[in-house]
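The lines below spell out each chain.
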2 protein chains.
Amino acid sequence: MPMLSKFNHKENATVKVLKHLYDLINEGKLKPGSKLPAERKLAEELCVGRTHVRNAFAELEFYGIVKTFPQSGSVIAAIHHNALQGLISDIMSIENYDFFSLVETRLILEMESVRLACERADEKDIEALKLAHKDYLDNFHSPRRVEKDMIFHRVIAQASRNDVIKSMLLIITPDILSHYVTKDFCSTPLPTDKHEHQIIIDAIEARSSSKAVSAMRLHLDRLYTFAKQQKI
Amino acid sequence: MPMLSKFNHKENATVKVLKHLYDLINEGKLKPGSKLPAERKLAEELCVGRTHVRNAFAELEFYGIVKTFPQSGSVIAAIHHNALQGLISDIMSIENYDFFSLVETRLILEMESVRLACERADEKDIEALKLAHKDYLDNFHSPRRVEKDMIFHRVIAQASRNDVIKSMLLIITPDILSHYVTKDFCSTPLPTDKHEHQIIIDAIEARSSSKAVSAMRLHLDRLYTFAKQQKI
DNA sequence: TGTCTTTAATTGGTCAACCAATAATATTTT
DNA sequence: AAAATATTATTGGTTGACCAATTAAAGACA
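What you see is a predicted model; the values in this text were computed from it and never measured.

1. Details of the nonpolar core
- Core analysis: the largest hydrophobic core is formed by 150 residues, its most contacted members being Ile204 of chain A together with Ile65 and Ile204 of chain B.
- With near-sequence residues (within four places) excluded, Ile65 of chain B lies in contact with Leu60, Val75, Ile76, Ala77, Leu84, Leu87, Ile88 and Ile91 of chain B.

Written as structure tokens, this is what we have:
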């Protein structure tokens with residue numbers, strides 16, 4: 001049950017608020033760039049607790065279309081009402097993601113991550129990478145292997161010097177993990193994994209981004225194929 | 001002030017809870033996979049309101065490392081304590097992202113988005129794309145142009161059939177927008193933008209992913225260059 | 001009349017009490 | 001003694017009240 005949204009949308013109270021804001025925009029009662037109703041007022045009008053209103057506002061703020069000022073109020077982004085409605089609509093429709101999309105996205109981000117790492121990694125990064133790989137090898141036959149692999153990839157993301165990509169991987173990787181422990185994927189370690197990690201390290205050290213990217217693709221190919229056939 | 005984290009980290013009460021959990025794991029008092037302390041208990045121990053504890057738990061749940069069960073308690077992910085600490089540490093360190101990383105990530109996601117759209121878009125998607133472009137052209141000399149452009153790109157993301165990428169773009173695009181309205185970027189429309197959109201549409205319709213990707217790169221090149229020189 | 005000061009109302013942020021569901025314990029029954 | 005049942009305690013979820021800061025309004029003064 002992977003989520004990219006902070007809130008569980010089974011709780012309809014929050015989406016009720018979002019829907020109401022959507023309607024207010026639709027009716028022209030809430031102009032883009034203007035202050036939106038006070039939390040208490042909205043809560044009373046919709047007969048929901050103020051907590052839910054605050055949750056809705058927080059989610060909108062997360063997506064950058066609302067800015068809340070303490071003891072003053074909240075304002076909605078000054079973009080056209082059609083765009084606003086589209087954004088809110090998208091936010092409400094955010095639910096659980098399918099496994100394949102998660103894996104596909106991870107593949108993309110990991111490939112870009114390692115490509116950037118080739119350009120930007122310094123000696124310290126490469127040292128950390130080698131250490132993470134050693135740690136991975138030491139735990140190769142233990143259940144910790146999966147987590148050590150995760151750490152290995154996080155070190156690469158760190159070396160990419162792009163905190164946005166790093167955070168995005170941070171978000172989706174645990175979701176993927178929880179998915180394939182239930183599907184009993186990766187229960188037995190493959191010896192090829194050892195070499196694949198080493199190839200990636202060598203490519204980064206040699207600053208060969210093409211080699212690093214293709215090595216990363218190969219490394220994640222089994223997961224990708226697995227996700228693809230799960231989809232069907 | 002772009003954030004990828006739902007919570008404002010200026011409020012130190014929440015990070016105080018995260019730090020405490022980190023310490024508990026460090027001291028071995030909180031074992032991976034076990035139940036973590038009750039919200040009330042933590043709140044009292046740390047002399048903070050339960051709201052802050054709940055915020056911390058919600059953030060950890062967002063990143064998939066805790067799961068909360070109503071009227072029962074919350075459990076922490078059953079991964080090795082080193083990995084857990086790394087995740088919590090990363091979460092706490094999430095702050096504002098630099099503009100360049102945001103733009104770089106957007107470029108990556110947009111290119112992949114349009115590549116997938118070439119493979120997966122159906123007639124309905126292409127129709128919506130043409131409509132969005134027409135809408136863009138109609139507002140080319142109005143301040144709405146920026147939002148219409150945003151919608152155009154969202155239609156592409158929709159056609160990519162990858163909701164994870166779509167959501168990620170949804171998160172970072174408003175941040176980028178707010179950045180370059182303050183920097184007075186894109187204040188005057190460039191005629192080339194019109195043709196660039198059209199080239200992308202044609203490439204998608206012709207299922208030519210290489211053309212579509214390079215067209216997208218070209219389309220975002222001005223923004224990318226702008227972000228690059230802002231970085232210095 | 002116009003400006004400054006003071007006061008009252010409104011706002012988001014925080015907290016503590018309450019609710020229903022769960023888990024643990026005590027009690028009864030077989 | 002063991003199992004089933006009833007009771008109590010604990011849990012996350014929710015609500016309403018309170019707090020300090022801000023804003024709007026009213027009043028005083030020039």
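2. Here we look at the sheet that holds strand β1 (residues 35–36) of chain A
All names here are of chain A.
- What the 3 strands build is an open sheet, ordered β1-β3-β2; its pairing is antiparallel. The two strands at the open ends of the sheet, each matched to only one other strand, are β1 and β2 (66–69).
- Relative to strand β3 (residues 73–76), β2 is paired through 4 bridges, and the arrangement is antiparallel. Residue pairing in the sheet places Lys67 in a bridge with Val75 of β3.
- Docked against the sheet, helix α3 (residues 50–62) engages β1, β2 and β3, running at close to 120° with respect to β2.

3. Observations regarding the relation of the copies chain B and chain A
- Rotating chain B by 180° and translating it 0.0 Å along the rotation axis places it on chain A, where the RMSD comes to 0.1 Å. What we have between these two chains is a two-fold relation.
- In this assembly, 100% of the residues forming the interface of chain B have copies in chain A that are likewise at the interface, indicating an isologous arrangement.

4. Considering unusual backbone geometry
- With a phi close to 60°, Arg207 of chain A is a non-glycine residue in the positive phi region.
- According to the relative accessible area criterion, Arg207 of chain A is partly exposed, its value standing at 39%.
- A positive phi angle is found at Gln71 of chain B, which is not glycine, with a value near 55°.
- Looking at Gln71 of chain B, the relative accessible area reads 82%, which means it is exposed.

5. Some remarks on the protein's contact with DNA strand D
- Around DNA strand D sit 19 residues in total, of which Thr51 of chain A together with Arg40, Arg50, Arg54 and Gln71 of chain B are the nearest.
- Expressed as a percentage, the sugar and phosphate content of the atoms of DNA strand D within 4 Å of the protein is 51%.
- His52 of chain A is positioned such that a nitrogen or oxygen atom in its side chain is 3.1 Å from a phosphate oxygen of DNA strand D.
- One of the side-chain nitrogen or oxygen atoms of Arg50 of chain B is found 2.3 Å away from a base oxygen of DNA strand D.
- Those elements giving two or more residues to the surface near DNA strand D turn out to be α3 of chain A together with α2 (39–46), α3 (50–62), β2 (66–69) and β3 (73–76) of chain B.
- Among the elements that take part in the surface near DNA strand D, α3 of chain A stands out by supplying 3 residues, more than any other.

6. Quick notes on the protein's contact with DNA strand C
- The immediate surroundings of DNA strand C are formed by 19 residues, with Arg40, Arg50, Arg54 and Gln71 of chain A together with His52 of chain B found nearest.
- Atoms of DNA strand C within 4 Å of the protein: sugar and phosphate make up 53%, bases the balance.
- Contact between DNA strand C and Arg40 of chain A: a base oxygen at 2.5 Å from a side-chain N or O atom of the residue.
- Measuring from a phosphate oxygen of DNA strand C, one finds a backbone N or O atom of Gly49 of chain B at 3.3 Å.
- Among the elements of the structure, α2 (39–46), α3, β2 and β3 of chain A together with α3 of chain B are those that each provide at least two residues to the surface near DNA strand C.
- Here the surface near DNA strand C gets 3 residues from one element, more than from any other, and that element is α3 of chain B.

7. Describing the sheet that holds β2 of chain B
- A sheet is described by the order of its strands in space; here 3 strands give the open sequence β1-β3-β2 (chain B), paired in antiparallel fashion. Among the strands making up the open sheet, the edge pair consists of β1 (35–36) and β2 of chain B.

8. Re the environment of Leu102 of chain B
Residue and element names in this part refer to chain B.
- By the element assignment, Leu102 lies in helix α5 (residues 99–120).
- On the accessibility criterion, Leu102 (0% relative accessible area) is buried.
- Spatially, the C-alpha atoms of Leu102 and Ile172 are 6.6 Å apart, while their sequence positions differ by 70 residues.

9. Side note on the interface of chain B and chain A
- Contact with chain B, which involves 50 residues of that partner, is made by 50 residues of chain A.
- Carbon and sulfur atoms supply 66% of the area that chain B and chain A bury against each other, a total of about 4600 Å² over both sides.
- Run the count over chain B and chain A and you get 6 salt bridges.
- At the boundary of chain B with chain A, the tally comes to 15 residue pairs in polar contact (both at pLDDT 80 or more).
- Elements that contribute at least two residues to the side of chain B that touches chain A include exactly α3, α4 (81–93), α5, α7 (145–159) and α8 (163–182) of chain B.
- A breakdown of the residues in the side of chain B that touches chain A according to their chemical character gives 27 nonpolar, 9 polar and 14 charged.

10. Some words on the pattern of salt bridges
All names here are of chain A.
- Summed over the entire model, instances satisfying the criterion amount to 32 salt bridges over all chains.
- Note that Arg161 is salt-bridged to Asp125, the shortest N-O span being 2.9 Å. Of this pair, Arg161 sits in the loop between α7 (145–159) and α8 (163–182) while Asp125 is found in helix α6 (residues 123–138), placing the two residues 36 residues apart along the sequence.
- A relative accessible area of 36% means that Arg161 is categorised as partly exposed.
- A residue is classified by how much of its surface remains accessible, and Asp125, at 12% relative accessible area, is buried.
- One continuous salt-bridge network, built from bridges that share partners, spans Glu39, Arg50 and Arg54.

11. Concerning the domain arrangement of chain A
- Taken domain by domain, chain A holds domain 1 (12–93) and domain 2 (99–231).
- Taken over C-alpha atoms, the centre of domain 1 of chain A sits 39 Å from the centre of domain 2 of chain A.

12. Quick look at the packing of helix α1 (residues 12–26) of chain A against helix α4 (residues 81–93) of chain A
Residue and element names in this part refer to chain A.
- Running from N to C, α1 and α4 cross one another at 165°; their axes reach a closest spacing of 10 Å. With respect to α4, the axis of α1 lies roughly antiparallel. Relative to α4, α1 is oriented so that their crossing is left-handed. In contact with Val15, Leu18, Lys19, Tyr22, Ile25 and Asn26 of α1, α4 contributes His81, Leu84, Gln85, Ile88, Ser89, Ile91 and Met92.
- Broken down by class, the residue content of the contact of α1 with α4 amounts to 8 nonpolar, 4 polar and 1 charged.

13. Topic: the packing of α6 of chain A against helix α9 (residues 192–205) of chain A
Residues and elements named next belong to chain A.
- Between α6 and α9, whose axes approach to 11 Å, the crossing angle comes to 175°. Comparing the axis directions of α6 and α9 gives the class roughly antiparallel. Residue-level inspection shows Ile126, Leu129, Lys130, His133, Tyr136 and Leu137 of α6 in contact with α9, the latter providing Asp193, Lys194, His197, Gln198, Ile201, Ile204 and Glu205.
- Counted by class, the contact of α6 with α9 contains 6 nonpolar, 3 polar and 4 charged residues.

Conventions adopted
Residues numbered from 1 in each chain as written. Chains lettered and ligands numbered in written order. Predicted model: local features only at pLDDT ≥ 70, side-chain atom pairs only at ≥ 80, totals over all residues. Heavy atoms only, no water. Core = buried A, V, L, I, M, F, W, Y, C linked by side-chain atoms within 4.5 Å. Buried < 20%, exposed > 50% of the residue type's maximum accessible area, 1.4 Å probe, protein only. Contact = heavy atoms within 4.5 Å. Pairing = 2+ DSSP bridges. Helix = DSSP H or I, 4+ residues; strand = E, 2+ residues; numbered from the N terminus. Axes fitted to C-alpha atoms, helices over the stretch in contact; angles between N-to-C directions. Least-squares fit on C-alpha atoms with pLDDT ≥ 70 in both. Near = heavy atom within 4 Å. Polar contact = N/O pair within 3.5 Å; in protein donor to acceptor, adjacent residues only side chain to side chain. Buried area = accessible area lost by both parts, 1.4 Å probe. Salt bridge = Lys/Arg side-chain N within 4 Å of Asp/Glu carboxyl O. Nonpolar A, V, L, I, M, F, W, Y, C, P; charged D, E, K, R; others polar. Domains from an automatic or database assignment. Parallel < 35°, antiparallel > 145°, perpendicular 65-115°, else oblique. Left-handed = near helix turned anticlockwise from the far one by under 90°.

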